[in-house]
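# Architecture and fold: a report
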Amino acid sequence: MNDAFDQAGRHRTDILGIFANHRVAANLLMVIMLLIGALALNKLNVQFFPNFELDFILVNTIWSGASAEDVETGITNPLEQRLRNVDNLKEMISSSAPSISGISLEIEEGANIILALDQVKKQVDDFVSLPEDAEEPTVSHSVRYESVARLLVSGPDDLGELRHLARQFEQELLVKGIDKIDFEGLPEESIEVRIASEQLRQLGLNLSQIGERIDQLSQDLPAGLIGENDGTRELRSLNQRREPAQFSDLPVVGDEGQRIDLGAIAEIARKPKQGSSTITSAGKNSVVMVLRRAENGDSLASAEILRQWLEETIPTL
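Residues numbered from 1 in each chain as written. Predicted model: local features only at pLDDT ≥ 70, side-chain atom pairs only at ≥ 80, totals over all residues. Heavy atoms only, no water.

## Describing the packing of aromatic side chains
- Applying the stated criterion to the full structure yields one aromatic pair.
- Plain terms: the ring middles of Phe 169 and Trp 309 are 5.1 Å apart, the flat faces sit at 75 degrees to each other, and that makes the pair edge-to-face. One end of the pair, Phe 169, is in helix H4 (residues 159–176); the other, Trp 309, is in helix H9 (residues 299–313), and 140 residues separate them in sequence.
- When its relative accessible area of 4% is taken as the criterion, Phe 169 is described as buried. (Phe/Tyr/Trp six-rings, centres within 6.5 Å; stacked < 30°, edge-to-face > 60°. Helix = DSSP H or I, 4+ residues; strand = E, 2+ residues; numbered from the N terminus. Buried < 20%, exposed > 50% of the residue type's maximum accessible area, 1.4 Å probe, protein only.)

## Looking at the pattern of salt bridges
- For the structure shown, the criterion picks out 10 salt bridges.
- The residue Arg 293 makes a salt bridge to Glu 146 at a minimum N-O spacing of 3.0 Å. A residue pair is termed long-range when its members are at least 10 positions apart, and Arg 293 in strand S14 (residues 284–293) and Glu 146 in strand S5 (residues 146–154) qualify at 147 residues. Per residue, the accessibility class of Arg 293 equals that of Glu 146, and both read buried. (Salt bridge = Lys/Arg side-chain N within 4 Å of Asp/Glu carboxyl O.)

## What to know about helix H3 (residues 113–125)
- If you check H3, its first and last C-alpha atoms are 18 Å apart, about what 13 residues at 1.5 Å a residue would give, namely 18 Å.
- Looking only at H3, the buried set comprises Ile 113, Ala 116, Leu 117, Val 120 and Val 124. Buried positions in H3, seen along its axis, are confined to an arc of 100 degrees and lie on one side of it. In H3, the exposed positions that point more than 90 degrees away from the buried face belong to Ile 114, Leu 115, Lys 122 and Asp 125.
- The N-terminus of H3 is capped by Asn 112, whose side-chain oxygen sits 3.0 Å from the backbone nitrogen of Ile 114. (Expected span 1.5 Å × (residues − 1). Arc of directions from axis to C-beta. Polar contact = N/O pair within 3.5 Å; in protein donor to acceptor, adjacent residues only side chain to side chain.)

## Here we look at helix H2 (residues 68–83)
- At Thr 76, H2 shows its maximal bend, which comes to roughly 35 degrees, and the proline Pro 78 appears one to four places after that position.
- Buried-residue contacts for H2 involve strand S1 (56–62), strand S2 (89–97), strand S3 (100–107) and H3. (Bend = angle between axes of the 7 residues up to and from the residue. Contact = heavy atoms within 4.5 Å.)

## Some remarks on a nonpolar patch on the surface
- A grouping of Leu 28, Ile 32 and Ile 36 is seen on the molecular surface, where their side chains present a nonpolar patch of about 290 Å² in accessible area.
- Assignment of secondary structure puts Leu 28 in helix H1 (residues 2–43). (Patch = residues over 30% accessible without salt bridge, like charges linked within 9 Å, V, L, I, M, F, W, Y side chains within 5 Å. Areas by Shrake-Rupley, 256 points an atom, 1.4 Å probe, with all protein chains shown as cover.)

## A closer look at the environment of Asp 249
- Residue position: Asp 249 is located in the loop between helix H7 (244–248) and strand S10 (251–253).
- When the C-alpha positions of Asp 249 and Asp 261 are compared, they lie 5.2 Å apart, and in sequence the two are 12 residues distant.

## A word on the confidence of the model for the protein
- Here the protein averages 77 in pLDDT, and 76% of its residues register 70 or above.
- Within the protein, H9 carries the highest mean pLDDT (91), whereas strand S9 (residues 233–238) carries the lowest (44).
- Throughout residues 221–238 the model reports pLDDT below 50, and contacts reaching past four residues in sequence, or to other chains, amount to 29 contacts. (pLDDT = per-residue confidence, 0-100.)

## A few points about the environment of Leu 151
- The residue Leu 151 is located in strand S5 in this model.
- Sequence spacing of Leu 151 and Met 289 is 138 residues, and the spatial spacing of their C-alpha atoms is 4.9 Å.
- With sequence-adjacent residues up to four places away left out, Leu 151 is seen in contact with Val 287, Val 288, Met 289, Leu 291, Leu 306, Trp 309 and Leu 310.

## As for the sheet that holds strand S4 (residues 138–141)
- Spatially, the four strands line up as an open sheet ordered S2-S3-S1-S4, and their pairing is antiparallel. With partners counted over all chains shown, the strands left at the sheet margins are S2 and S4, one partner each. Mean inter-strand twist for the sheet, computed between neighbouring axes without regard to direction, equals 15 degrees.
- Where S2 meets S3, eight bridges bridge the pair, whose relative direction is antiparallel. Residue pairing in the sheet places Leu 89 in a bridge with Ile 107 of S3.
- Set on the sheet, H2 makes contact with S1, S2 and S3; between it and S2 the angle comes to about 165 degrees.
- Helix-sheet contacts for H3 involve S1, S3 and S4, and the interaxial angle to S4 is about 170 degrees. (Pairing = 2+ DSSP bridges. Axes fitted to C-alpha atoms, helices over the stretch in contact; angles between N-to-C directions.)

So, in structure tokens, the structure goes:
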């Protein structure tokens, strides 16, 4: 009888030991899962929407001074014919404007975008009918940026001063780690050249001739290559003028040693392009800065960069 009780007690002890071992194993497994979760959470990409790849490839070509019709005939149409052979091409849209050709290729969803990009580059590289004075086409894969925050900047009545302030803020935020910043309400600018008709008559010129002269002397064009293999570098003719003062010393007449610069006969100013949209807030000129992150960026980290920048900047305004 006593032996039976002893044997039952031993069985009970064995069962309790098994349960205790299982409890320890379960607790250990829970700790491991929590540690793995904590490590994964630290590396988790924080964003508003899931990532998705943009299956678009862009081909842009600059042909300075060419009309839209010449661009279409000499660049856009021939390139379109070549690019129709790209595998998994869903749709192709092109546009031709003065001095620039743009072609957008949409690739079928699920197709290998890297292989498609290589095919497009090969077709473009094999295009031998490019006009002599046109730049080499650029091929790029469209990258998606997600909006993180919108910052309204308003104040100076002078739009030029507001533009300078917005650009300064842009550089500061980019340096701190914001991936990309777009602007709304910041009109595109152009250089306006005004010449009195009396001046043109005295010089025996017309506006078309002045325009051609400006175009000839203000260009940023490739000037060939230097070096071989990995040491190859592109040479460029950096005569592109971008500021009114740079146009002032542009010679429009230079025959028989007599030189007349554009600044001596014209009023030159940088002005917003006609039709550009602007934004006002409480009656003041305003600009909206749209802060964006790349696909591998962190929305919360970008928001924290903005918060710290605001704390540093607002007291200085």
